[in-house]
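# Notes for the structure review
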Amino acid sequence: MPVVYSAQRGAADAVLRAEGLVFSYKPREGELPPRVLDGVDLSVWRGQLVAVLGHNGSGKSTLARHFNALLAPVCGRVLVDGMDTSDEKLTLDIRRHVGMVFQNPDNQIVASVVEEDVAFAPENLGYPSDEIRARVDGALRTVGMYEYAKHAPHLLSGGQKQRVAIAGVLAMEPKCVVFDEPTAMLDPRGRESVVNIIRSLCDDLGVTVVLITHHMEEAILADRIVVMSEGRVVMDGRPREIFTQPDALQGYGLGVPETVSLLRGLREDGFDVPLGALTADECADAIMTAVGGAVLSGCENGDVAD
Amino acid sequence: MLKDITLGQYFPDDTVVHRLDPRTKLVLTLVFIAALFVARGIVSYALMLAALVCCIAASRVGARALLKSIRPIIAVIAVTAALNVFFTRGTPIVRLWAITITREGLIGAAYMVTRLVMLISGTFLLTYTTSPISLTDGIESLLAPLKRIKLPVHEFAMMMSIALRFIPTLIEETDKIMSAQKARGADFETGSLIRRARALLPILIPLFISAFRRADELATAMESRCYHGGEGRTRMKKLAMSPGDYISLVCGAALALAVVLTNMAAP
């Protein structure tokens, strides 16, 4: 299991850090507690976009909730910027640093006007009103929803609601945002807009992002992929390293992006294509090169004349 | 059917009435209601009606929207009027078998109907011209003194604004569940009243379960956005009284005084 980047970076550079993290929900009497998280060691470095993949029940959402102090570890510890999440005095500080966006956009919007909802977190943190105003306007501009500031959230599309929810988290100016399957309930267009925002948070604002997902296509955009299974981290690497091991992924109940499965199929049919072309463009280029080569070599052999 | 609910509906606009501070509007509405119950005699009523019509005109809400809000309680108004007409003693005008209609009864009914219509139009004018969020802010601010005697004013206001936020969401969901049940052959439109009430059960149960799940997720989302009760919480939009608010309050007080005075002058 390759551990990415850990060699060249020191512990101080980890925004999120889980050490021997074990978690289980309260068991019924006489039962052994089933471990939802079974010894997770993971460091997320500053400015990284980390995708966490795993099938249902792999513990990926439970892990996400630890980074926000919504859950506290049973064993081991979780550090956010060096702050221990088990310390209740630090809870507010931790939540201000690590924002969280959930799956259902409807159930995380508190207010009946978009800008009031975005203001919710800074209001809770007790900022003065002009500071809140500035943060709300800034956050709405970042997600491209500024013109909808006075709208009622229930009249927006799913993708727009999710962008409002992201703005609501950005208004806290967090160092890190954890997304818990943010696109699971969106249509393709909404999904695309949300994914683009997630990527730009990392590239333009330098926010560290943890993206919990089960869409392989979204994971391609990450800098690093962590695969979870049965409450453990089982794979960890760059997207290219992870997706070129389709058999291992299948073993953990996961597929590969469509591009990879297409290239694999072509390879089985005797085309010399690389498996590492992940995005649609890369994939198309790879196929063009391979097919072009085949046609050329065919000409040389005189096959075309027949 | 569910789309017709107008309770708490807000018509966004930018008129004098819309711009008033919610606290002003709340106080004025309460004064209006109190004056309405004190008012006696044609002069008082005329004064009240004139004030109400002025407010409605200034708000540009439109008489049609207000009349629509009265429709659901037409039955109540009719029954009240009938009781007044038939059961008031006084000078008889019409006598048919056991039914006697008196002059006093007719007058009383007319007053009662005017009073009810004005009461409902007045309160709906408040909700039509005030966004739910500023309404709850106004209530929270007006009730703030009660925090001293440990009443959970902030929590109450928060609950109310969340309830208002989720009304459209839950209405939409009810529609969806109804369609789903209809698609499986559920029948909500025919049969006796009891039968129809029982047919609603398969709608209420999924609705409740989903509402609880939503509540749970919302609570988690609020917590993750640093919500920790009203303590140390600030607001983006602070309520501020403008000169217009003070003028309106003075006008409201003058109206109440006028009503009391004409009452005393009236026999």
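Residues numbered from 1 in each chain as written. Chains lettered and ligands numbered in written order. Predicted model: local features only at pLDDT ≥ 70, side-chain atom pairs only at ≥ 80, totals over all residues. Heavy atoms only, no water.

### Description of the packing of aromatic side chains
For the structure on display, the rule yields five aromatic pairs over all chains. A ring pair is formed by Phe23(A) and Tyr25(A), whose centres lie 5.0 Å apart and whose planes are at 85 degrees; its orientation type is edge-to-face. By relative accessible area, Tyr25(A) is classed as partly exposed at 46%. Here the aromatic rings of Tyr45(B) and Tyr111(B) are separated by 4.7 Å at their centres, their planes lie at 40 degrees, and the arrangement is tilted. Note that Tyr45(B) is positioned in helix H3 (residues 41-59) and Tyr111(B) in helix H6 (residues 103-129), a separation of 66 residues in sequence. Judged by relative accessible area, Tyr111(B) falls into the partly exposed class, the value being 26%. One residue, Arg141(A), lies across the ring of Tyr146(A), its end atom 4.0 Å from the ring centre. (Phe/Tyr/Trp six-rings, centres within 6.5 Å; stacked < 30°, edge-to-face > 60°. Buried < 20%, exposed > 50% of the residue type's maximum accessible area, 1.4 Å probe, protein only. Helix = DSSP H or I, 4+ residues; strand = E, 2+ residues; numbered from the N terminus. Lys NZ or Arg CZ within 6 Å of the ring centre and 35° of its normal.)

### Considering the environment of Leu116(B)
Residue and element names in this part refer to chain B. Looking at where Leu 116 falls in the secondary structure, it is placed in helix H6. Along the sequence, Leu 116 and Ile 74 sit 42 residues apart, while their C-alpha atoms lie 10.0 Å from each other. Setting aside residues up to four positions removed in sequence, Leu 116 forms contacts with Ile 77 and Thr 80. (Contact = heavy atoms within 4.5 Å.)

### Structural notes on the side chain of Gln108(A)
With respect to the helices and strands, the residue Gln108(A) is situated in the loop between strand E6 (98-101) and helix H3 (114-118). A polar side-chain atom of Gln108(A) sits 3.0 Å from a polar atom in the side chain of Gln162(A). Here Gln108(A) is in contact with Met100(A), Val101(A), Phe102(A), Gln103(A), Asp117(A), Gln162(A), Ala165(A), Leu218(B), Ala221(B) and Arg225(B), once residues within four sequence places are set aside. (Polar contact = N/O pair within 3.5 Å; in protein donor to acceptor, adjacent residues only side chain to side chain.)

### Description of the pattern of salt bridges
Tallied over the entire structure, the rule returns 33 salt bridges over all chains. Across the pair Glu173(B) and Arg214(B) runs a salt bridge, and its minimum N-O distance is 3.0 Å. Here Arg214(B) lies in helix H10 (residues 201-224) and Glu173(B) lies in helix H8 (residues 153-183), a separation of 41 residues in the sequence. Just as Glu173(B) is buried, Arg214(B) falls in that class too. Bridged by salt links that share partners, the residues Glu115(A), Glu116(A), Glu123(A), Arg133(A), Asp137(A), Lys150(A), Asp137(B), Arg233(B), Arg235(B) and Lys237(B) form one connected network. (Salt bridge = Lys/Arg side-chain N within 4 Å of Asp/Glu carboxyl O.)

### Quick notes on the domain arrangement of chain A
Residues and elements named next belong to chain A. Partitioning chain A into structural domains gives domain 1 (11-256) and domain 2 (257-306). Placing a centre on the C-alpha atoms of domain 1 and another on those of domain 2 gives a separation of 37 Å. Listed as interface residues are ten residues of domain 1 and, on the opposing side, twelve residues of domain 2. Here domain 1 and domain 2 share an interface that buries about 910 Å² over both sides, 67% of which is from carbon and sulfur atoms. Sorting the residues of domain 1 by area buried against domain 2 places Ile 220, Arg 240 and Val 256 first, and these three jointly supply 50% of that buried surface. The tally of links between domain 1 and domain 2 comes to two salt bridges. (Domains from an automatic or database assignment. Buried area = accessible area lost by both parts, 1.4 Å probe.)

### Thoughts on the packing of H3(B) against H6(B)
Residue and element names in this part refer to chain B. It is the contact of H3 with H6, at a shortest axis distance of 11 Å, that shows an interaxial angle of 25 degrees. As far as their axial angle goes, H6 and H3 are roughly parallel. As H3 runs across H6, the sense of the crossing is left-handed. Between H3 and H6, the residues in contact are Gly 41, Ile 42, Tyr 45, Met 48, Leu 49, Leu 52, Cys 55, Ile 56 and Ser 59 and Tyr 111, Thr 114, Arg 115, Met 118, Ser 121, Gly 122, Leu 125 and Thr 129, respectively. Its residues placed into classes, the contact of H3 with H6 shows ten nonpolar, six polar and one charged. (Axes fitted to C-alpha atoms, helices over the stretch in contact; angles between N-to-C directions. Parallel < 35°, antiparallel > 145°, perpendicular 65-115°, else oblique. Left-handed = near helix turned anticlockwise from the far one by under 90°. Nonpolar A, V, L, I, M, F, W, Y, C, P; charged D, E, K, R; others polar.)

### Focus on the interface of chain A and chain B
Facing the 37 residues of chain A at the interface are 27 residues of chain B. Carbon and sulfur atoms make up 54% of the surface buried where chain A meets chain B, a total of about 3,000 Å² over both sides. For the interface between chain A and chain B, the tally reads eight salt bridges. The closest approach of N and O atoms between Arg235(B) and Glu123(A), which form a salt bridge, is 3.3 Å. Scanning the region where chain A abuts chain B turns up 17 residue pairs in polar contact (both at pLDDT 80 or more). Those elements that provide at least two residues to the side of chain A that touches chain B are helix H2 (91-97), H3, helix H4 (120-124) and helix H5 (129-142) of chain A. Top contributing element to the side of chain A that touches chain B by residue count: H4(A), with five residues. In terms of residue class, the side of chain A that touches chain B is made up of 17 nonpolar, ten polar and ten charged.

### A closer look at the nonpolar core
Within the largest apolar cluster, 53 residues are counted, with the highest numbers of intra-cluster contacts made by Ile166(A), Phe179(A), Ile225(A) and Phe243(A). Those residues within four positions of Ile225(A) in sequence are excluded, and the remaining contacts are Ala51(A), Leu53(A), Ala219(A), Met235(A), Asp236(A), Gly237(A), Pro239(A), Ile242(A) and Phe243(A). Listed in part, the 32 residues of the second largest apolar core include Leu37(A), Val52(A), Leu70(A) and Ala221(B). (Core = buried A, V, L, I, M, F, W, Y, C linked by side-chain atoms within 4.5 Å.)

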